[in-house]
Every structure is written in C-alpha cells, then in structure tokens.
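Single-letter residue listing:
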Amino acid sequence: MTERLDDLPFPRTSPESAPAPGVEQPAADGPGLRAALEAILLVVDEPVPEVTLAQVLERPTHEVTAALHALAAEYTDAGRGFDLRQVAGGWRYYTRADCAPLVERFVRDGQQTRLTQAALETLAVVAYRQPVSRARVAAVRGVNSDGVMRTLVARGLVEEAGTDPESQAMLYRTTAYFLERLGLTSIDELPELAPFLPDDVDGLEDHRSA
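What counts as what
- Residues numbered from 1 in each chain as written.
- Predicted model: local features only at pLDDT ≥ 70, side-chain atom pairs only at ≥ 80, totals over all residues.
- Heavy atoms only, no water.
- Buried < 20%, exposed > 50% of the residue type's maximum accessible area, 1.4 Å probe, protein only.
- Helix = DSSP H or I, 4+ residues; strand = E, 2+ residues; numbered from the N terminus.
- Arc of directions from axis to C-beta.
- Contact = heavy atoms within 4.5 Å.
- Pairing = 2+ DSSP bridges.
- Axes fitted to C-alpha atoms, helices over the stretch in contact; angles between N-to-C directions.

Undergrad: Help me out: how do you make sense of helix α2 (residues 50-57) in this one?
TA: Residues that lie three or four places apart on an α-helix share one face, since the helix turns once every 3.6 residues. All of the buried residues along α2 are Glu-50, Leu-53 and Ala-54. The buried residues of α2 occupy an angular sector of 100° when the element is viewed end-on, so they sit on one face. What points out from α2, more than 90 degrees from its buried face, is the exposed set Gln-55 and Val-56. Lining the buried residues of α2 we find α1 (33-41), α3 (61-78), β1 (82-87) and β2 (90-95). The first or second residue beyond α2 is Glu-58, which carries a positive phi of 55°.

Spelled out as structure tokens, the structure:
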C-alpha cells in the first residue's frame, strides 16, 4: 500500500510557521539584534556610534551596522512617523520631516496642559541650581530626567545655557517665559528653599550619582 506524504515520519514545517525571509528571529536567551537596537535608541539623547552599540550588545560592528541600515530602510518603506538617521557619527531616532507640523501643533497646544509631577520637580531643580546639567538634575531627583527636560525646553520654560568647562556637558537654565508664568522679575525672587532641603544635600546628590 502506498503511504501518503502526511504519514511519512519526517519533520514538517507549515508555510505559516516558517520564518519570513530576512526577518531576524529572537535569540533563545534574549531579544534579537534589531529589537535590542530599537530599545537602546529609544532612550538615547544624542546620536550613538555603531562601535558603542556593538560593545554594549557584544556583537560584531559589521552586524550592528547592517541591522541599523536595515531598520532605517524598513521604517522608510513602511512610512513610519519617525526616521532612524546616521548623523554626527552616530544613530538616533528623529521625527519624519513631513510629520513635523503635527508635532509642532501638539507641543504648542500642550502649552495649556498642566505639568506632571516629574516636570515640576525637574523645573524646580533647574530654577534653584541653574545653570545645571541633566546629570546633576538626575542626581538630585534620583531618576533620569532627559525626557522631562526635553518637554520643558519644548514648552519654553527651560533653555540651553552653554556647556560646563570641565565635563563639557550641556547646561540648562530657566527662561524669561518661566519668570513671566510665575509673575517674577528675576530668579532672585524665588522663595528661599534651604528650610526644605536635607542638611547634607550635596552629599545626597553625590551618593545618588555614584
């Protein structure tokens, strides 16, 4: 009797379960290379070099480079609202150019919304410690404040104030619009903060940033 093909003792893979050509499969012990790159690039504040990404992910640089170019092409082909661009010696996500007016409208309309607790905390640190770097703000708050700082800059409450001569980190200060919103003529009119601070606030910051 002739056996049917389905009865033969061979492993079979259905078309639905077969990996799509060119699609990276997640590693058994963690995310795939593309997923890992996306996760890292979502939180960076400045372009990250391929070599740095390769070192962090412990992958060959040429593999990382190929994956980055593949992701960039994939986003463009899919018409995503963001780009993955290679600029200033590194890679970073940017809003797609034709979506910029929508983003500007969102930021402008959001001027009337209330600030979050995180934004208020960050704004207070900048106001009392200006000019201050993002790292210093994070040390005071005990949490990364990069995203909140970008929001405050977009709202016109905080602005860049040059770089630190030692670390070369970007420094930030409050704006004239900040004073206007608070009804102040200068930063000197801010209420005294010392009574509300721990006795060893500088030691606390150093401990958090260690």
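Undergrad: Can you help me understand the environment of Gly-79 in this one?
TA: By secondary structure assignment, the location of Gly-79 is in the loop between α3 and β1. Classification of Gly-79 by relative accessible area gives exposed; the value is 54%. Along the chain, Gly-79 and Arg-96 lie 17 residues apart, while their C-alpha atoms are 9.0 Å from each other.

Undergrad: Can you help me understand the sheet that holds strand β4 (residues 158-163) in this one?
TA: Across a sheet, strands are paired by hydrogen bonds formed along the backbone, either parallel or antiparallel in direction. Read across the sheet, three strands follow the order β3-β5-β4 without closing on themselves; strand pairing throughout is antiparallel. At either margin of the open sheet sits one strand with a lone partner, and together these are β3 (132-133) and β4. Where β3 meets strand β5 (residues 170-174), two bridges bridge the pair, whose relative direction is antiparallel. Counted as the bridge partner of Ser-133 is Leu-171 from β5. Where helix α5 (residues 117-129) meets the sheet, it contacts β3, β4 and β5, and its direction lies at approximately 95° from that of β5.

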